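# A structural walkthrough
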Amino acid sequence: MTSTSVPQTAFDAWAVRQQLERILANSEFAQSERMCRFLRLAVEYSLEDRACELKEYLIGVEVFDRPSFDPRVDPIVRVEARRLRSKLDKYYEGEGSRDEILIGLPKGGYAAVFGARETRKKQPLKAYTPSTIAVLPFSNLSQGGDSDYLSDGLTQELIHGLTRVQGLRVVAWTSAAQLRGASYDVQGIGQQLSVAAVLTGSVRRAGSRVRIGVQLIDTASNYYLWSEVYDRELDDLLQIQDEISRAIVSALRITLADHFPPPVPPKRPFDFEAHNLYLRGRVEWNKRTDTGLPLSVEYFEQAIARDANFALAWAGLADAYTLLGEYTLLPPYEALPKAKRAALRAVELDPSRGEAWASLALIGTIFEWDWATAEAHYIRAIELNPGYATVHMWFGTDHLAHMGRFDEAYREIELSGQMDPWAPMNIGSQGFLHMLARQYDAALQIYARALELDRNFYKVWTLLGRALIQKGDYDEAVRTLEKGRALGGAIPNVLGALGQAHALAGRPERARALMEELIVLSRQRYVPATCYAMVHLGLGEKDLALQSLEAGCDRREFSMVALAVHPVYDCLRDEPRYRAMVHRMGLDSALEAAGRSWSFPFSALAV
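Just so we're clear, the structure is a prediction, and the values are computed from it rather than from any experiment.

## Structural notes on the overall build of the chain
The helix and strand tally for the chain stands at 28 helices and eight strands. Counting the 607 residues in the chain, one finds 57% classified as buried. Taking as baseline every contact in the chain between residues at least 6 positions apart, the subset at least 24 positions apart corresponds to 62%. Here the chain displays about 26,300 Å² of accessible surface, and carbon together with sulfur accounts for 50% of that area.

## Comments concerning the pairing of strand E6 (residues 197-206)
Counting buried positions along E6 gives seven out of ten residues, so the element sits mostly inside the fold. Relative to E6, strand E3 (residues 131-135) is paired through three bridges, and the arrangement is parallel. Looking at E6, one finds that Ile133 is bridged to Ala197. Following E6, the chain reverses through two residues before pairing antiparallel with strand E7 (residues 209-218); Gly207 in that reversal takes a positive phi of roughly 65°.

## Side note on helix H5 (residues 76-93)
One full turn of an α-helix is made of 3.6 residues, so residues set three or four places apart face in the same direction. The end-to-end C-alpha distance of H5 is 26 Å, a good match for the 26 Å that 18 residues give at a rise of 1.5 Å each. The complete set of buried residues in H5 reads Ile76, Val77, Val79, Glu80, Ala81, Leu84, Arg85, Lys87, Leu88, Asp89, Tyr91 and Tyr92.

## Considering unusual backbone geometry
Notably, Thr328 is not glycine yet its phi reads approximately 55°, a positive angle. Of note, Thr328 is situated in the loop between helix H13 (311-326) and helix H14 (332-349). Taking relative accessible area as the criterion, Thr328 reaches 11% and is therefore assigned buried. At Arg556, a residue that is not glycine, the phi angle is positive and equals roughly 55°. In this structure, Arg556 sits in the loop between helix H26 (542-554) and helix H27 (576-584).

## Observations regarding the side chain of Ser46
As for its position among the elements, Ser46 is in helix H3 (residues 33-47). Those residues in contact with Ser46 that lie beyond four places of it in its chain are Ala51, Leu54, Ala111, Ala112 and Phe114.

## Thoughts on the packing of aromatic side chains
Here the structure, examined in full by the defined rule, presents eight aromatic pairs. Consider the rings of Phe38 and Phe64, whose centres lie 6.1 Å apart with planes at 85°: the pair is edge-to-face. Placement of the pair is Phe38 in helix H3 and Phe64 in the loop between helix H4 (56-62) and H5, with a sequence separation of 26 residues. It is Arg288 that lies over the ring of Trp285; its NZ or CZ is 4.0 Å from the centre. Over the ring of Tyr327 we find Lys459, and its NZ or CZ is 4.5 Å from the ring centre.

## Observations concerning the pairing of strand E2 (residues 113-116)
Side chains Val113 and Gly115 project from E2 onto one buried face, and the interleaved Phe114 and Ala116 project onto a second face that is buried too. Relative to E2, strand E1 (residues 101-104) is paired through four bridges, and the arrangement is antiparallel. By the bridge assignment, Gly104 is partnered in E2 with Val113.

## A look at the side chain of Gln19
As for its position among the elements, Gln19 is in helix H1 (residues 13-24). For Gln19, a relative accessible area of 2% corresponds to the buried category. For Gln19, the residues in contact, after removing those within four places along its chain, are Tyr91, Tyr92, Asp99, Ile101 and Ile103.

## A short note on the confidence of the model for the chain
Residues with a pLDDT of 70 or more make up 89% of the chain, whose mean pLDDT is 84. In the model, residues 6-10 has pLDDT below 50 throughout and makes 17 contacts with residues more than four positions away in sequence or in other chains. For residues 603-607, every residue scores under 50 in pLDDT, and the model assigns this stretch 15 contacts once sequence neighbours within four places are set aside.

## Some words on the environment of Arg455
With respect to the helices and strands, the residue Arg455 is situated in the loop between helix H20 (440-453) and helix H21 (458-471). Along the sequence, Arg455 and Gly484 sit 29 residues apart, while their C-alpha atoms lie 9.8 Å from each other. Not counting chain neighbours up to four residues away, the residues in contact with Arg455 comprise Trp461 and Leu487.

## Some words on the nonpolar core
Ranked by internal contacts, the top residues of the largest apolar core, which has 160 residues, are Leu199, Ile212, Trp226 and Ile244. Top contributing element to this core by residue count: H13, with ten residues. With 32 residues, the next largest nonpolar core counts Phe38, Phe64, Phe69 and Leu102 among its residues.

## Describing helix H15 (residues 354-368)
Taking 1.5 Å per residue as the helical rise, H15 with its 15 residues ought to reach 21 Å, and the 20 Å between its terminal C-alpha atoms agrees with that figure. Burial within H15 is extensive, with 14 of its 15 residues counted as buried. Just downstream of H15, Trp369 is the residue with a positive phi angle, here 55°.

## Quick look at the pattern of salt bridges
Tallying each qualifying case throughout the model produces 35 salt bridges. When the shortest N-O distance is used, the salt bridge between Arg34 and Asp65 registers 4.0 Å. Of this pair, Arg34 sits in helix H3 while Asp65 sits in the loop between H4 and H5; the two residues are 31 residues apart in sequence, bridging distant segments of the chain. For Arg34, a relative accessible area of 37% puts it in the partly exposed group. In this structure, a network of salt bridges that share partners links the residues Glu33, Arg34, Arg37 and Asp65.

Parameters and conventions
- Residues numbered from 1 in each chain as written.
- Predicted model: local features only at pLDDT ≥ 70, side-chain atom pairs only at ≥ 80, totals over all residues.
- Heavy atoms only, no water.
- Helix = DSSP H or I, 4+ residues; strand = E, 2+ residues; numbered from the N terminus.
- Buried < 20%, exposed > 50% of the residue type's maximum accessible area, 1.4 Å probe, protein only.
- Contact = heavy atoms within 4.5 Å.
- Areas by Shrake-Rupley, 256 points an atom, 1.4 Å probe, with all protein chains shown as cover.
- Pairing = 2+ DSSP bridges.
- Expected span 1.5 Å × (residues − 1).
- Phe/Tyr/Trp six-rings, centres within 6.5 Å; stacked < 30°, edge-to-face > 60°.
- Lys NZ or Arg CZ within 6 Å of the ring centre and 35° of its normal.
- pLDDT = per-residue confidence, 0-100.
- Core = buried A, V, L, I, M, F, W, Y, C linked by side-chain atoms within 4.5 Å.
- Salt bridge = Lys/Arg side-chain N within 4 Å of Asp/Glu carboxyl O.

Okay, here's the thing in structure tokens:
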């Protein structure tokens, strides 16, 4: 039974209310007052024949205490209805598996329905395999070597556009980019990436004109499904992208009317130079480097200076400032307010851009700790762009995992991994979740798989080192973290983890030397307080660790969001000051979840 498939049956109101109280007493509901209020409201209005009154506005006011609630801009009712259906399903699969009365909440409305268990009929599952495609990096055939950004940018924009198509799985740019310049073995690519088709292409710019050739190839037969050459003015670039996307969807036989929005006439003149600068910014942003991220800010700001109403450039600027804060290249209190202003402007200019909603969601999670609003923004981003791998990774790793909702986090991370199978950080996120669940051997195996994809990505080495610390293998942790340090440089969280490992291995003098390195480094770049806390914890200095963490909490540092669930803090779980910080961040339920026993299957992508 699912909460959306309960057959309507007439029941005595008293019996339904008894069933309602049984459900609300279950642990899945007892810890969430608003979820209980939501279900009670739906049941009572339905029993009283007032189901037609159950509109989003009423629920927003009565359940979520928002007197000025506007469902057009605030999707919290839809988000919480989704969670309510999930909790009902979990209840009836577990404790309520023998209950005779079924209460459900069908999709498309908020009225409760009531059914009897014996009336249920299992429906046969329909086999469904979505169409799948990889857009390979377009070749740059222009004179001179400074036009790679145009071919890369066009490839990335096509990927982003296609991810909005319901039922179409598109391999993300991180994985596709690894095939740049390779001799294409279409069938081999199809097998490695599990895609039915690949799109290849080339870009040649000459003055104010651009010539784009594209070919869509079936990976099983090597036959061309479609090909076209576009010889246009550069000002037609957006129209070309739209035409290519529609031709692909048509060739893959996906119904355009149902899955792809109709073309929207441009509301303003297209500024090619602004778009040019935006593409350059995205190329630099995708590098995720200490030099690339600041440079991406410059390009996005130049694009905005040319066209202040360019929503894509504002969304790019939001992403750039967010990562500048995450990579400690700027203090969070400086980077995140700028990121939020840019994201809000992007949403204002173009509410249909899922990427801008995803940026708002990440900011709400890692800086504002506004968990409900952030989740609503994540859901909105996914509704607008279901194939955007990054939003699934952020939702799973940064939001759901840190809230202690590990099973939901695993599903989101798996989705991201399916869309971007060759991205080491997607696999690394799976390992991180296993580490949070205290499954260290599983985490180590997954990190080893990520290193097979890219042994030069320092973050995977550092994640592996942290897992080794939790497992108690301190000397191997030091060797692994030193490898990450050699690849990534003097990164604060790597130095903090190294200090902790040395301290736990019985080398306090080396740990204190690393603490001094952090102090010196803080004169050049931002050093999160959690880095100092790691060393203090390794040395057994709980009071100093708590003092550092309280400073990090005051500054709303990104790494603080792991406070309730990360095993490194297990030794502080009974400390009142620690619990006060967890409560301040709104993560009390996550603290309880972190103490449970969790089990996840290994992903086929990760082993």
